[in-house]
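Residue-level structural notes
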Amino acid sequence: MITVSNLSYAYQKGNPVLIDIHLNIDQRSTAIIGQNGAGKTTFVKLLKGLLKPFEGEVFIQNQQVKNRTAAELAKIIGLVFQNPNDQIFKNKVLDEVMFGPLNMGIDKQQATENAMEALEMVGLHDKLDMNPHDLSLSEKKLLCIASVVAMDTNIIILDEPTIAQDYQGKETIKKVIKTLKEKNKLVMTIIHDMDFVAENFERTIVFNEGKVILDGDTRFVFAQKDILKSAHVEAPEITKLGEKLGYRKTFLTIEEFIDYKNQERNL
Amino acid sequence: MKKIIVENLKYKYPLSEKLALNNVSFEIEQGEFIGVIGRNLSGKSTLCQAMVGLVPHFYKGAYGGKVIIDGLEVRNYSIADISLKVGIVFQNPFTQITGSKMTVYEEIAFGLENLGISRAEMINRIDFALNLLKIAPFKERSPFDLSGGQMQRMAIASIIAMKPEIIVLDEPTSQLDPEGSEEVFRAIQDLSKQGITVILAEHKMEKMAEFCNRILLLDDGKVVDFDVPEKVFSRDDLGEHGVNAPVYTRVCKALNKKKAGTNDYPVTLEEAVRVLGGMGL
């Protein structure tokens, strides 16, 4: 769905933030991980056409990003900002979520339907008339997710979706991701919460100092202990536990680990 | 020495019908590292704000009971008085930035200027805080030109520079990468070992279990439990209170592996490895 070739970018000359990135992003849900400052957010902004590449090309569904306006790209690719305060600007929850669809030219009735469906997904459907700024940080985050979901784009990127979320909030976001996958959308995320990556994303790409240093099936990626270390990235907690206990298998979820242990006992 | 005493604290925000804090009581010793956990809206942030007097002085609302910080009853002292003893790092670092300073360095100086600290001492303290939080390379940048994680480090640095006896932190590492979170938790632990009392609200249970001396579990504005991590995380009813135990505890619970000679489950990676006795041992 996305092809990136030879992509480089710098905010200041001589100080490259991304260096020669080549990626083919397909339908698999994909997590981008790496240290703060590794170039993850810059990469995503390039995908969305918010920044123009220094060098190289980005194609999204066969359209060349640099020849498209941000408005045109907004119909294909949606981005949920890391800081909800950068995204929210309406004074009612419902208006906030309807803004995107209406701006894309969707008629009012359809936009309302999209918005209600998205708000229901994140559990804010009973707060339609509230001022978004009166919501808690975790609710604001969910509102921002709903706003992008309502635009019904084929590609959705979540920048740090689990910030400020408690157990329930994470479960809600898991459900949203699952629903989007079932609708054949490409869900991507930039995230530091490795447990969440292991549970929800099929593919993981590791950025380090502007380069892709690891890319593949999430289980494969979290098994590469040494490379992860060099990128200052940690494996999920359960993966670390399995490794410390000396198991060859790379565990991604608690359930996997418990099943394995129970089977081991029955042998 | 009792550094913080909270007695039957009740609080309701203006325009709200529900108590945000309902009969909260606990005591904290000097130098303790206290973790506050609970689902969102359980009262964690409100409790943090009550430690520094923003509840009730800034937010107003209905207030009952007592919060005594190092001998000062919060209700009877101004936020300015209390700020000499307690510093708070807000949940969203953006909220914390003054907006009146052009560089990270000056931003960290802001609190010190208001305390009337001498120039030489200010320089010492700012350099200390910049190095502790590893943001010295960004000291000439605009506070708004930082990434979320860098901003969070700056917010913590600006409070640490004020050398409060008590530090309250509301999800201080939410925007940091795992290595950054670990560094910040270690830096805070060092401060606590030097005698500074720490209250930290956070959802990262593995970190809380590893670093905190005691855990305060809140739900619906009430204290559910206040005990050492292995006691709190071994409870059977955590799910009902909207929190999850650390991964290590959940695994050991499912496999029914308790810590030798106790009724508690492991809460850290090391403890879990010991109990599960891997092939590596």
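What counts as what
- Residues numbered from 1 in each chain as written.
- Chains lettered and ligands numbered in written order.
- Predicted model: local features only at pLDDT ≥ 70, side-chain atom pairs only at ≥ 80, totals over all residues.
- Heavy atoms only, no water.
- Pairing = 2+ DSSP bridges.
- Helix = DSSP H or I, 4+ residues; strand = E, 2+ residues; numbered from the N terminus.
- Contact = heavy atoms within 4.5 Å.
- Axes fitted to C-alpha atoms, helices over the stretch in contact; angles between N-to-C directions.
- 1 Å grid on protein atoms, 1.4 Å probe; cavity = no way out; pocket = protein on both sides within 12 Å on 5 of 7 lines; lining within 4 Å.
- Points joined across faces, edges and corners; volume = space filled by probe spheres on them.
- Nonpolar A, V, L, I, M, F, W, Y, C, P; charged D, E, K, R; others polar.
- Core = buried A, V, L, I, M, F, W, Y, C linked by side-chain atoms within 4.5 Å.
- Buried < 20%, exposed > 50% of the residue type's maximum accessible area, 1.4 Å probe, protein only.
- Salt bridge = Lys/Arg side-chain N within 4 Å of Asp/Glu carboxyl O.
- Parallel < 35°, antiparallel > 145°, perpendicular 65-115°, else oblique.
- Buried area = accessible area lost by both parts, 1.4 Å probe.
- Left-handed = near helix turned anticlockwise from the far one by under 90°.
- Phe/Tyr/Trp six-rings, centres within 6.5 Å; stacked < 30°, edge-to-face > 60°.
- Lys NZ or Arg CZ within 6 Å of the ring centre and 35° of its normal.

1. So, the sheet that holds strand S4 (residues 55–60) of chain A
Residues and elements named next belong to chain A. Read across the open sheet, the four strands follow the order S2-S1-S4-S5; overall the sheet is antiparallel. Edge positions in the open sheet fall to strand S2 (15–25) and strand S5 (63–64), since each of these has one partner strand only. Of the strand pairs in this sheet, strand S1 (residues 2–12) and S2 are connected by seven bridges, and their pairing is antiparallel. From the neighbouring strand, Tyr9 faces S2, where its bridge partner is Leu18. Relative to S1, helix H1 (residues 40–47) is tilted by about 120°, and along the sheet it contacts S1, S2 and S4.

2. A word on the layout of surface pockets
Counted as a void, the largest pocket has a volume near 1,600 Å³. Contributing to the lining of the largest pocket are 48 residues, with A:Gly37, B:Leu146, B:Ser147, B:Gly148 and B:Gln150 lying nearest its centre. When residues of the lining of the largest pocket are traced back to their parent elements, those giving at least two are S1, S2 and H1 of chain A together with helix H4 (93–96), helix H7 (148–160) and helix H8 (178–193) of chain B. Counting residues per element, the lining of the largest pocket draws most heavily on H7(B), at five residues. Its residues assigned to classes, the lining of the largest pocket shows 15 nonpolar, 20 polar and 13 charged. Quantified by volume, the second largest pocket comes out at close to 1,400 Å³. Around the second largest pocket sit 41 residues that line it, and A:Leu135, A:Ser136, B:Tyr13, B:Leu41 and B:Ser45 are the ones nearest its centre. Of all the elements in the fold, those that place two or more residues in the lining of the second largest pocket are helix H5 (137–149) of chain A together with helix H1 (44–52) and helix H2 (54–58) of chain B. Taken together, the residues of the lining of the second largest pocket break down into 15 nonpolar, 15 polar and eleven charged.

3. Quick look at the nonpolar core
One finds B:Ile37, B:Ile108, B:Ile135 and B:Phe233 to be the most contacted residues of the largest nonpolar core, which totals 47 residues. Per-element accounting of this core gives the leading share, seven residues, to H7(B). Ignoring any residue separated from it by four or fewer positions in sequence, one finds B:Phe233 in contact with B:Ile37, B:Met205, B:Ala209, B:Ile215, B:Leu238, B:Asn244, B:Ala245, B:Pro246, B:Thr249, B:Lys253 and B:Val267. Of all hydrophobic cores here, the second largest spans 46 residues; its members include A:Val93, A:Ala118, A:Ala146 and A:Ile156.

4. A few points about the pattern of salt bridges
Within this structure, the stated rule accounts for 39 salt bridges over all chains. Here A:Asp26 makes a salt bridge to A:Arg28, at a shortest N to O gap of 3.1 Å. Put simply, B:Lys3, B:Asp70, B:Lys85 and B:Glu165 are held in one network by salt bridges that share partners.

5. Points about the sheet that holds strand S3 (residues 30–33) of chain A
Residue and element names in this part refer to chain A. Strand order in this open sheet of six strands is S6-S7-S8-S3-S9-S10, and the pairing throughout is mixed. Across the chains shown, the open sheet's two edge strands, defined by having one partner strand only, are strand S6 (77–80) and strand S10 (211–217). Between one strand axis and the next, the sheet turns through 15° on average, direction left out of account. Pairing of S6 with strand S7 (residues 155–159) involves four bridges; the strand directions are parallel. Opposite Ile77, over in S7, you have Ile155 as the bridge partner. Docked against the sheet, H5 engages S6 and S7, running at close to 175° with respect to S6.

6. Considerations on the packing of H5(A) against helix H6 (residues 167–182) of chain A
Residues and elements named next belong to chain A. Where H5 meets H6, the axes come as close as 12 Å, and the angle between the chain directions of the two elements is 10°. For the element pair H5 / H6, the angle class is roughly parallel. Here Leu142, Ile145 and Val149 of H5 come into contact with H6, specifically with Thr172, Ile173, Val176 and Leu180. Residues of the contact of H5 with H6, tallied by class, amount to six nonpolar, one polar and no charged.

7. Brief notes about the interface of chain A and chain B
Facing the 33 residues of chain A at the interface are 33 residues of chain B. For the pairing of chain A and chain B, the buried interface totals around 3,000 Å² over both sides, and the portion due to carbon and sulfur atoms is 59%. Inspection of the chain A/chain B interface yields one salt bridge. Two residues, A:Lys244 and B:Glu270, come together in a salt bridge whose shortest N-O distance is 3.6 Å. Mapped onto the side of chain A that touches chain B, the elements with two or more residues apiece are H5, helix H7 (194–200), helix H10 (237–244) and helix H11 (254–266) of chain A. Examining the composition of the side of chain A that touches chain B, we find that six residues originate from one element, H11(A), more than from any other.

8. Looking at the packing of H10(A) against helix H12 (residues 269–276) of chain B
Following both chains from N to C, one finds H10(A) and H12(B) inclined at 45°, their axes separated by 10 Å at the closest point. One finds that H10(A) runs oblique with respect to H12(B). Once H10(A) is placed against H12(B), the crossing between them reads as right-handed. Touching A:Lys240, A:Leu241 and A:Lys244 of H10(A) are B:Leu269, B:Glu270, B:Ala272, B:Val273 and B:Leu276, all from H12(B). Grouping the amino acids of the contact of H10(A) with H12(B) by side-chain chemistry returns five nonpolar, no polar and three charged.

9. Topic: the packing of aromatic side chains
Tallied over the full model, the rule gives 16 aromatic pairs over all chains. Considering the side-chain rings of A:Tyr9 and A:Tyr11, the 5.1 Å spacing of their centres and the 85° angle between planes classify their relative orientation as edge-to-face. Taking the centre distance of 6.4 Å and the plane angle of 70° together, the rings of B:Tyr11 and B:Tyr63 count as edge-to-face. Placement of B:Tyr11 in strand S1 (residues 2–12) and of B:Tyr63 in strand S4 (residues 62–69) is noted, with a sequence separation of 52 residues between them. Just as B:Tyr11 is buried, B:Tyr63 falls in that class too. An aromatic cluster of three or more residues is present, and its members are B:Tyr11, B:Tyr13, B:Phe58, B:Tyr59 and B:Tyr63. The ring of B:Phe226 has B:Arg214 lying over it, and the distance from NZ or CZ to the ring centre is 4.1 Å.

10. Looking at empty space enclosed by the protein
For the structure on display, the rule yields two cavities of 30 Å³ or more. What lines the largest cavity is simply A:Gln82, A:Asn83, A:Pro84, A:Leu137, A:Ile163, B:Asn92 and B:Gln175. Residues belonging to the lining of the largest cavity are distributed by class as follows: three nonpolar, four polar and no charged. Within this model, the second largest cavity holds a volume of roughly 30 Å³. Of all the secondary structure elements, the ones that give two or more residues to the lining of the second largest cavity are H4 and H7 of chain B. No other element matches H7(B), which puts three residues into the lining of the second largest cavity. Residue composition of the lining of the second largest cavity, by class: four nonpolar, two polar and one charged.

Such coordinate-based values are descriptive only and should not be taken to indicate function.
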